[in-house]
Amino acid sequence: MTIETIELWRGRIDLVSPFRTSFGTETFRDLLYVRAVGDRNAGWGECVAMATPNYSSEYLENCVQVISRFLLPLIKGDTTAESFIATVAPIRGNYMSKACVESALLDVQLRDQDISLARFLGATQSRVASGVSVGIQASLGDLVRVVGEYIAQGYLRIKLKIEPGSDIEVVHTVRKEFGDDLLLQVDANAAYTRSDTAHLKQLDAFNLLLIEQPLAEDDLAGHVELARAINTPVCLDESITSLDTARGALDLGACPVINIKPGRVGGYIEAKKIHDLCLARGIPVWCGGMLETGIGRAANLALAALPGFTLPGDTSASARYFARDITEPFVLMDGYIDVPTGPGIGVEPLADMLATLTKSATFKL
Ligand code: NPG
């Protein structure tokens, strides 16, 4: 395989409904893709960064800069996803930028080899149990309606976004309305502090699968303390940016569950390493989401098909996010979504949706 050109593509897509978290409200998704054009095939990678640095320090315009100025100049015709990771190691952080380029390289090289990403990663499932993430709602009535609709569609697990002032009552309401058998978890996106321990302990009454990222990204010690103080399992998201941070968190006892997002950890190869570590240690993992379009969703489904992904992920159907996805839509069937089987990520932008995107830069190697 020889990579000849790398392209950056930009776009914007509306969400079907506003998505509110403890750090802000998203009504649309700014899009950034890398397309790696080889001598035989081309591959796509989607950047998961948001427009603003509120989920993490990375944001989309910054990723454009990092990718253009620092990552792409290191790529040569014979660069593979694996050699790319080694080559860009001296560049600190910038996981979402690295993951976007790595995904495109993986897609093109696996297409050349006629292997699906799922097979390359070691997937053992042909379909993935699907959960859905429910944003903070304006009223408890809205919450019950929205959760009810998702349950009716067949989602197997509900994740409620929480923040101080919208937490215990929210969970209590959903439990009361939908019963004790509903698989239910909460996500705080780092909205609490160690002084909230007694407050968060009230969640123990609701038999939650987990509480995700209650404290600040860099407060591992706080998560250790909290994990000891409450019975609800603590799951880390933002804090886990690499195999090393995952191992450190597990060694310290900061979390009995991990949310793996390839974009947050620098790519699919690092994500698989974290999966393998967790599998060896008996730590359940699940695949998070960043409101990806079909390009990123296809790759996430391949990862989520690995054997350690024993909890339903935020890998929802295309219709949960967009009126029309960039690729053929991913569809929920009996609570599951099929893992793509074609070479590479197995999907491509639809011609009419590609026409809504703009090729913003071309780098000849
Ligand atoms: O289904 O893709 C999805 C969204 C899942 O809740 C979700 N993502 O913190 O995990 C998160 C959250 C998020 C939303 C992160 C928006 C960043 C922006």
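Quantities reported herein were computed from a predicted structural model and do not represent experimental measurements.

With antiparallel pairing, the four strands of this open sheet are ordered in space as S3-S2-S1-S13. The open sheet has two edge strands, strand S3 (42-46) and strand S13 (358-364), and neither has a second partner. Going across the sheet, the axis of each strand differs from the next one's by a mean of 25°, ignoring polarity. Pairing of strand S1 (residues 3-21) with strand S2 (residues 24-38), which is carried by 14 bridges, proceeds in the antiparallel orientation. Bridged to Glu7 within S2 is Arg35.

Bringing the pattern of salt bridges into the picture now. All told, the structure shown has 22 salt bridges when counted by the stated rule. Among the ionic pairs, Glu225 bridges to Arg194, the shortest N-O distance being 3.5 Å. Remark: Arg194 occurs in the loop between strand S7 (184-187) and helix H7 (197-201) and Glu225 occurs in helix H8 (residues 220-229); sequence separation between them is 31 residues. Residue Arg194 is classed as partly exposed on the basis of its relative accessible area of 36%.

Tallied over the entire structure, the rule returns five aromatic pairs. An aromatic cluster is built from Trp9, Tyr33 and Trp44, whose rings are joined through pairwise contacts. We note Arg320 situated over the ring of Phe19; from NZ or CZ to the ring centre the distance is 5.0 Å.

When the domains of the chain are assigned, the result is domain 1 (3-114 + 351-364) and domain 2 (118-338). Of note, the centres of domain 1 and domain 2, computed from C-alpha atoms alone, are 23 Å apart. Taken together, the 34 residues of domain 1 in the interface contact 38 residues of domain 2. Buried surface at the junction of domain 1 and domain 2, summed over both partners, amounts to about 3,100 Å²; 65% is from carbon and sulfur atoms. Broken down residue by residue, the surface that domain 1 buries against domain 2 is led by Phe19, Arg20 and Tyr55, which jointly contribute 22%. Counting the contacts that link domain 1 with domain 2 gives two salt bridges. For Arg20, the salt bridge is made with Glu163, and the minimal N-O distance between the two is 2.4 Å. Across the contact surface, domain 1 and domain 2 share 16 residue pairs in polar contact (both at pLDDT 80 or more). Where the side of domain 1 that touches domain 2 is concerned, the elements lending two or more residues are S1, S2, S3, helix H2 (81-87), helix H3 (95-113) and helix H12 (351-354).

Parameters and conventions
Residues numbered from 1 in each chain as written. Predicted model: local features only at pLDDT ≥ 70, side-chain atom pairs only at ≥ 80, totals over all residues. Heavy atoms only, no water. Pairing = 2+ DSSP bridges. Helix = DSSP H or I, 4+ residues; strand = E, 2+ residues; numbered from the N terminus. Axes fitted to C-alpha atoms, helices over the stretch in contact; angles between N-to-C directions. Salt bridge = Lys/Arg side-chain N within 4 Å of Asp/Glu carboxyl O. Buried < 20%, exposed > 50% of the residue type's maximum accessible area, 1.4 Å probe, protein only. Phe/Tyr/Trp six-rings, centres within 6.5 Å; stacked < 30°, edge-to-face > 60°. Lys NZ or Arg CZ within 6 Å of the ring centre and 35° of its normal. Domains from an automatic or database assignment. Contact = heavy atoms within 4.5 Å. Buried area = accessible area lost by both parts, 1.4 Å probe. Polar contact = N/O pair within 3.5 Å; in protein donor to acceptor, adjacent residues only side chain to side chain.

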